[in-house]
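Chain by chain, the residues:
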Protein chains: 2
Amino acid sequence: MNRDAAIGVFDSGVGGLTVLRALREKLPEENLLYLGDTARLPYGTKSARSVLQYALQATRILDKRGIKMLVIACNTASAYALDALSETHPDLPVVGVIAPGAQAACETSKSGRIGVLATESTVRAGAYEKSIANMRSGAEVHSSASPLLVGLAEEGWLAGEVPEAVIRHYLGALTEKFAPGQMDCLLLGCTHFPVLAKSIEKIAGPDVALVDSAHTTAIEVEKILGANQLRRSGGGQIRFLATDGVARFARVGGVFLGKPLEPDQVELVDL
Amino acid sequence: MNRDAAIGVFDSGVGGLTVLRALREKLPEENLLYLGDTARLPYGTKSARSVLQYALQATRILDKRGIKMLVIACNTASAYALDALSETHPDLPVVGVIAPGAQAACETSKSGRIGVLATESTVRAGAYEKSIANMRSGAEVHSSASPLLVGLAEEGWLAGEVPEAVIRHYLGALTEKFAPGQMDCLLLGCTHFPVLAKSIEKIAGPDVALVDSAHTTAIEVEKILGANQLRRSGGGQIRFLATDGVARFARVGGVFLGKPLEPDQVELVDL
């Protein structure tokens, strides 16, 4: 492993930029190479088979560019492809966002009643139920598929009547799976959702704590790289690759990154 | 051309089933072979380059199975790939949904003030503006990108507070481009949108006539095939191909087809 190499970060599109942002804040000396598979997004409604195939192709591209570690910054791809990627790339440490998200929820929840908003495919995989059960026995976890939140986030339609009505719909379906008032933690189980956090908080109310994977994923990356593999200085570059529509990637990506992104900062790649 | 061969129908996913349904009603003796590119949907936010590449691959699959004609039952693919498909398949008559939709709007509108709801990529192509200008001089056409309507249609979330709020948002942005009360025709410029027609009608009000491409596309297909190539009897089979998630295709597809569809009626194909 070359400690000066970049950390590779991969998502179906721009949602993973919320994880990239946390990595940037936590590890400012690291070079980051981000790939958004915008030609085939979203992953959240696709089958396990397709998501796995796409994840393998994306990892091949990042690996060819010489990364020292891979972060799967997409919940659906983490649910379906983490094990396979670890097997096919035995020399490349691979981190997903499911376990870090589960950990954040377990640390935050007092009651152990944890709700998860995620994509259709992540919910179908039961990924958070399994991961939280491994970490905290007796936890009660329910998930709701919230596909339209991806569209709202992608459109940058983050507040107002429509996002709030959509959130109310999905949250209603989720909270009714718990005894009244018992869910005290809401896990945003899709990297698109943190940009909607303010509206979600408003609907969920003050008794429900929101968590996502971004911060705990950055901590996990730091832990895995360890003192010997963390870069000490001189890095801090971020490069962006996208498989389609660099102009759209830059425009929408700015919302997730929290700062403007120009199309000429994004390189178009073929898978 | 083999008159007994099927008519190929191609869409990014299930939206094109609204066109398939119209073909079925208009031409009940024809065999129909439908391909939904569910592995890469939606097309409406993808670049011209990707949509063209996907359309070429899909057409290759249908052509290999021996179709006598191709219907591009997707507005975005019609906008970006119709000319290229006609060039690469000179022996295959190719019909898109843009010209038939434009024709339906021109026939329906009295004022010539026509609004179009479509995907981001169809709007960016200016496809309906160009097509209507060719058919009716002096027409005033404005389009609004309505990406969330695709998600709502895909979820089968067709009525109630949320769909109506989303429709109100997009329709508001569209009607304000016209002088008050002048838009008298609303063209549903995405094959997903007809399943939302009732909610759209409710918001648009009684002075705005809704049209879509499905019926006029079926008429165009009948015209192009002509008496010599139309099948007279003994057909009426429909076969479905999908590039991903046959269970999801069947479940969501039933909404568009207007009748239940079973997963074992759908064949998974690789592009």
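Just so it is clear, the structure is predicted and the values come from calculations on it, not from any experiment. (Residues numbered from 1 in each chain as written. Chains lettered and ligands numbered in written order. Predicted model: local features only at pLDDT ≥ 70, side-chain atom pairs only at ≥ 80, totals over all residues.)

Draft legend 1. Here's a closer look at the overall build of chain A. From N to C terminus, chain A includes eleven helices and ten strands. Computed over its C-alpha atoms, the radius of gyration of chain A comes to 18 Å, within 12% of the 18 Å expected for a compact globule of 271 residues. In terms of overall dimensions, chain A has a C-alpha envelope of 50 × 40 × 35 Å along the principal axes. Of all 271 residues assigned to chain A, the portion counted as buried reaches 56%. Contacts spanning at least 24 positions in sequence make up 79% of the contacts within chain A whose residues lie at least 6 apart. (Helix = DSSP H or I, 4+ residues; strand = E, 2+ residues; numbered from the N terminus. Rg over C-alpha atoms; globule rule 2.2 N^0.38 Å. Buried ≥ 20, exposed ≤ 12 C-beta atoms within 10 Å, placed from the backbone. Contact = placed C-beta atoms within 7 Å.)

Draft legend 2. Geometry of the relation of the copies chain B and chain A. With an axial shift of 0.0 Å and an RMSD of 0.0 Å, the rotation relating chain B to chain A amounts to 180 degrees. On the angle and the small slide along the axis, the relation comes out as a two-fold axis. Among all C-alpha atoms of chain B, that of B:Arg40 lies closest to the rotation axis, at 2.4 Å. Here 100% of the contact residues of chain B are again contact residues in chain A; the copies associate through an equivalent surface. (Least-squares fit on C-alpha atoms with pLDDT ≥ 70 in both.)

Draft legend 3. Summary view of helix α11 (residues 246-257) of chain B. Residues and elements named next belong to chain B. Buried within α11 we find Val-246, Arg-248, Phe-249, Ala-250, Val-252, Gly-253, Val-255 and Phe-256. Contacts made by the buried residues of α11 are with α1 (17-26), β2 (32-36), α7 (147-155), β9 (238-242) and β10 (266-268). At the exit of α11 stands Gly-258, carrying a positive phi of roughly 80 degrees.

Draft legend 4. Seen up close, the interface of chain B and chain A. Each partner contributes to the interface: chain B provides 19 residues, whereas chain A provides 19 residues. Sorting the residues of the side of chain B that touches chain A by element identifies α7 and α8 (161-175) of chain B as the ones contributing at least two each.

Draft legend 5. The arrangement of helix α11 (residues 246-257) of chain A in detail. Those residues of α11(A) lying buried are A:Val246, A:Arg248, A:Phe249, A:Ala250, A:Val252, A:Gly253 and A:Phe256. Contact partners of the buried residues in α11(A): α1 (17-26), β2 (32-36), α7 (147-155), β9 (238-242) and β10 (266-268) of chain A.

Draft legend 6. Focus on the confidence of the model for chain A. Of all residues in chain A, 100% have pLDDT values of 70 or greater, and the mean over the chain is 96. Our summary of model confidence lists the complex with pTM equal to 0.94 and ipTM equal to 0.92. (pLDDT = per-residue confidence, 0-100.)

Draft legend 7. Seen up close, the sheet that holds strand β1 (residues 6-11) of chain A. All names here are of chain A. If you trace the six strands from one edge of the open sheet to the other, you get β4-β3-β1-β2-β9-β10, paired in parallel fashion. This sheet does not close on itself; its edge strands, each paired only once, are β4 (94-95) and β10. Bridge count for β1 against strand β3 (residues 67-72) is five bridges, and the pairing is parallel. Each bridged residue has a counterpart across the sheet, and for Phe-10 the counterpart in β3 is Ile-72. Contacts between helix α3 (residues 75-88) and the sheet are confined to β3 and β4, with β3 contributing the most and set at about 150 degrees to the helix. Contacting β2, β9 and β10, α11 runs over the sheet at an angle of about 150 degrees to β10. (Pairing = 2+ DSSP bridges. Axes fitted to C-alpha atoms, helices over the stretch in contact; angles between N-to-C directions.)

Draft legend 8. Quick look at the sheet that holds strand β6 (residues 140-145) of chain B. All names here are of chain B. Sheet architecture is open: four strands sit in the order β6-β5-β7-β8, paired in parallel fashion. The two strands at the open ends of the sheet, each matched to only one other strand, are β6 and β8 (209-212). Across this sheet, the average inter-strand angle for adjacent strands is 25 degrees, counted without regard to direction.

Draft legend 9. Summary view of the nonpolar core. Residues A:Val9, A:Ile72, B:Val9 and B:Ile72 are the most contacted members of the largest nonpolar core, which totals 184 residues. Every residue in contact with B:Val9, bar those within four places of it in the chain, is listed here: B:Gly16, B:Val19, B:Leu20, B:Leu23, B:Leu32, B:Leu33, B:Tyr34, B:Val71 and B:Ala73. (Core = buried A, V, L, I, M, F, W, Y, C linked by C-beta atoms within 7 Å.)

Draft legend 10. Here's a closer look at the domain arrangement of chain A. Residue and element names in this part refer to chain A. Each domain of chain A was delimited in the assignment, giving domain 1 (6-96 + 215-268) and domain 2 (98-212). Here the C-alpha centre of domain 2 lies 22 Å away from the C-alpha centre of domain 1. The interface of domain 1 with domain 2 comprises 25 residues on the first partner and 24 residues on the second. Put simply, the parts of the chain that give the side of domain 1 that touches domain 2 at least two residues each are α1, α3, α10 (214-229) and α11. (Domains from an automatic or database assignment.)

Draft legend 11. The arrangement of the packing of α1(A) against α11(A) in detail. Residue and element names in this part refer to chain A. The interhelical angle for the contact between α1 and α11, taken along N-to-C directions, is 50 degrees, at an axis separation of 8 Å. As summarised for this structure, α1 and α11 are arranged oblique, according to the angle between their axes. Read as a crossing pair, α1 and α11 show a hand that is right-handed. Taken together, the residues of α11 that come into contact with α1 (itself represented by Leu-17, Thr-18, Leu-20 and Arg-21) are Gly-253, Phe-256 and Leu-257. Partitioning the contact of α1 with α11 into residue classes produces four nonpolar, two polar and one charged. (Parallel < 35°, antiparallel > 145°, perpendicular 65-115°, else oblique. Left-handed = near helix turned anticlockwise from the far one by under 90°. Nonpolar A, V, L, I, M, F, W, Y, C, P; charged D, E, K, R; others polar.)

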